[in-house]
Amino acid sequence: MLAFRSEEHAERWCEKRGMGFGATMTLEQQWELAHAWYADRMSPGWRRRTPEEAEALFSGIGLTGDFWRLRTPTG
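Calculation criteria
- Residues numbered from 1 in each chain as written.
- Predicted model: local features only at pLDDT ≥ 70, side-chain atom pairs only at ≥ 80, totals over all residues.
- Heavy atoms only, no water.
- Phe/Tyr/Trp six-rings, centres within 6.5 Å; stacked < 30°, edge-to-face > 60°.
- Helix = DSSP H or I, 4+ residues; strand = E, 2+ residues; numbered from the N terminus.
- Buried < 20%, exposed > 50% of the residue type's maximum accessible area, 1.4 Å probe, protein only.
- Lys NZ or Arg CZ within 6 Å of the ring centre and 35° of its normal.
- Contact = heavy atoms within 4.5 Å.
- Lys, Arg positive; Asp, Glu negative; His and termini not counted.
- Salt bridge = Lys/Arg side-chain N within 4 Å of Asp/Glu carboxyl O.
- Polar contact = N/O pair within 3.5 Å; in protein donor to acceptor, adjacent residues only side chain to side chain.

## Things to note about the packing of aromatic side chains
Point 1. The tally for this structure, following the rule as stated, stands at four aromatic pairs.
Point 2. When the ring of tryptophan 37 is compared with that of phenylalanine 58, the centres are 6.1 Å apart and the planes differ by 10°; the resulting orientation is stacked. Highlighted residues: tryptophan 37 in helix 2 (residues 27-38) and phenylalanine 58 in helix 3 (residues 51-60), separated in sequence by 21 residues.
Point 3. A relative accessible area of 25% places tryptophan 37 in the partly exposed class.
Point 4. Considering the side-chain rings of phenylalanine 58 and tryptophan 68, the 5.3 Å spacing of their centres and the 65° angle between planes classify their relative orientation as edge-to-face. With phenylalanine 58 in helix 3 and tryptophan 68 in the segment after helix 3, this pair connects stretches of sequence that are ten residues apart. There is no split in this pair, since phenylalanine 58 and tryptophan 68 are both buried.
Point 5. The side chain of arginine 49 reaches across the aromatic face of tryptophan 37, ending 4.8 Å from its centre.

Encoded structure:
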């Protein structure tokens, strides 16, 4: 994870290095994701989230779009 001033700055950084652009999130979203993802990690009953649960967590903090999809579409 890298921090940038803006999405445009991130896009320029990727372009300069010949890398594809993934997604951005705000610092607030990073904090929400870290807090939600790791809050129960040390609990004896902890279990890995399913892809559906992870996507719901992402969506709940506004992380949407193809980059945040973990499941392959059926059809």
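## Section: the environment of leucine 63
Point 1. Note that leucine 63 resides in the segment after helix 3.
Point 2. By relative accessible area, leucine 63 is classed as buried at 3%.
Point 3. C-alpha of leucine 63 to C-alpha of phenylalanine 21: the two residues are 42 residues apart in sequence and 15 Å apart in space.
Point 4. Other than its neighbours up to four places away in sequence, leucine 63 contacts Met25, Gln29, Leu33, Phe58 and Trp68.

## Looking at the side chain of arginine 49
Point 1. With respect to the helices and strands, arginine 49 occurs in the loop between helix 2 and helix 3.
Point 2. Although buried, arginine 49 forms no salt bridge, and the nearest oppositely charged side chain, aspartate 40, lies 4.0 Å from it.
Point 3. Within the local environment of arginine 49, its side chain forms a polar contact with the backbone oxygen of alanine 36, the two atoms lying 2.8 Å apart.
Point 4. A distance of 3.4 Å separates a polar side-chain atom of arginine 49 from the backbone oxygen of tryptophan 37.

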